[in-house]
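Listed below are the residues making up each chain.
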Amino acid sequence: LQDPDEDEPNIRVVLEHRFYKEKSKSVKQMCDKCSTIIWGLIQTWYTCTGCYYRCHSKCLPLVSRPCVRAKVSHQAEYQLSICPESGLDSQDYRCAECRAPVSLRGVPSEARQCDYTGLYYCSGCHWNDLAVVPALAIHNWDFQPRKVSRCSMRYLALMVSRPVLRLREINPLLFNYVEELVEIRKLRQDILLMKPYFITCKEAMEARLLLQLQDRQHFVENDEMYSLQDLIDIEAGRLSCSLTEIHTLFAKHIKLDCERCQAKGFVCELCKEGDVLFPFDSHTSVCTDCSAVFHRDCYYDNSTTCPKCARLSLRKQSLFQETGMEAE
């Protein structure tokens with residue numbers, strides 16, 4: 001079991017993997033290449049800092065799987081076809097990764113299918129790891145973990161928090177069947193409406209309120225992109241609770257705690273009654289042209305005319321007339 005006594009380098013680069021020599025003496029690790037235990041007390045072993053591929057020092061020259069981190073950097077997108085199987089014959093009855101001979105009968109080696117790629121792998125490249133398959137989650141709202149290969153498992157683990165899913169384009173009907181998605185979309189839209197208040201508020205910047213969403217930075221950039229982790233948390237009910245708390249905190253700062261933000265509210269110009277309005281209030285409507293805020297009932301009853309738009313139009317006409325008179 002013991003490796004040669006020669007000094008091993010601390011860093012080794014193989015197929016875009018950046019391997020660092022480990023100092024841990026743990027015996028709980030498994031070699032991703034030979035699928036055997038790494039005896040840390042007497043063996044030298046390495047870990048890739050990008051995809052966490054682990055292997056013995058003696059297995060490094062035999063590594064055939066490129067670093068998954070490099071694939072994520074170059075092509076950050078999911079396979080969105082549900083188990084796109086092409087058949088074992090298209091692989092020439094060989095493992096999709098190491099090209100070892102495989103067969104459905106288990107002779108010479110058992111062929112195991114990856115539910116993410118649809119390809120077949122040998123038992124050394126497919127350890128029956130379980131992971132949520134993005135295609136099933138988006139098309140069927142199915143989050144039951146499926147068996148995937150080691151390569152797919154690493155890729156999905158690195159991609160899980162990346163906001164690369166535009167649900168409105170991939171499966172717009174999903175919003176008709178999943179009420180939680182509609183709720184999350186509304187909360188995200190409200191947060192985007194609150195963002196301009198925080199950017200121009202000194203107190204909010206000092207309190208770093210927007211950092212409440214630092215783990216989901218895309219929530220303060222748009223309301224369309226989702227990560228697979230977002231969908232998993234929505235299905236489990238975790239995201240709705242946490243996002244509602246953040247939404248309440250943001251609204252409290254704008255409407256109660258900060259006088260500067262309160263001063264940026266609106267008064268309904270149609271009825272000129274009621275409290276100060278904000279665009280993220282549930283009972284308001286916003287003019288699509290000038291962004292003025294009104295009571296929803298008032299706006300729909302007088303939807304043909306917006307007072308602010310009318311004023312702006314008159315002002316433009318008067319300026320145009322003045323400019324014409326000066327020219328004459």
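Rules and cut-offs
Residues numbered from 1 in each chain as written. Predicted model: local features only at pLDDT ≥ 70, side-chain atom pairs only at ≥ 80, totals over all residues. Heavy atoms only, no water. UniProt positions renumbered as here; feature names shortened; annotations may be inferred. Pairing = 2+ DSSP bridges. Helix = DSSP H or I, 4+ residues; strand = E, 2+ residues; numbered from the N terminus. Axes fitted to C-alpha atoms, helices over the stretch in contact; angles between N-to-C directions. Domains from an automatic or database assignment. Expected span 1.5 Å × (residues − 1). Buried < 20%, exposed > 50% of the residue type's maximum accessible area, 1.4 Å probe, protein only. Contact = heavy atoms within 4.5 Å.

If you check an unreviewed UniProt entry, the protein appears there as Differentially expressed in FDCP 8 from Calypte anna. The Function (unreviewed entry) comment attached to the protein in UniProt states, word for word, "Positively regulates lysosome peripheral distribution and ruffled border formation in osteoclasts. Involved in bone resorption." Database annotation for the protein, UniProt heading Sequence similarities (unreviewed entry): "Belongs to the DEF8 family."

Tell me about the sheet that holds strand β2 (residues 17–21), residues and numbers included.
Read from one edge to the other, the open sheet built from four strands follows the order β1-β2-β3-β4, with strand pairing classed as antiparallel. Bordering the open sheet on either side are β1 (11–14) and β4 (54–56), each of which pairs with just one other strand. The average angle at which neighbouring strand axes cross in this sheet is 30 degrees, direction not considered. Looking at chain direction, β1 and β2 are connected through four bridges and run antiparallel. If you follow I11 over to β2, its bridge partner there is Y20.

Any details on the domain arrangement of the protein? Residues and values, ideally.
Under the domain assignment used here, the protein contains domain 1 (11–69), domain 2 (76–160), domain 3 (169–263) and domain 4 (266–274 + 287–327). Measuring from the centre of the C-alpha atoms in domain 2 to the corresponding centre in domain 4 gives 59 Å.

Hey, could you go over helix α9 (residues 238–257) for me, with residue numbers and the actual values?
The α-helix winds at 3.6 residues per turn, so residues separated by three or four positions along the chain end up facing the same way. Over its 20 residues, α9 runs 27 Å from end to end, which matches the ideal 28 Å to within 8%, given 1.5 Å per residue. Taken together, the buried positions of α9 are L239, S240, L243, I246, H247, F250, A251, H253 and I254. In the core, the buried residues of α9 are packed alongside α6 (179–199), α7 (202–207), α8 (228–236) and α10 (259–262).

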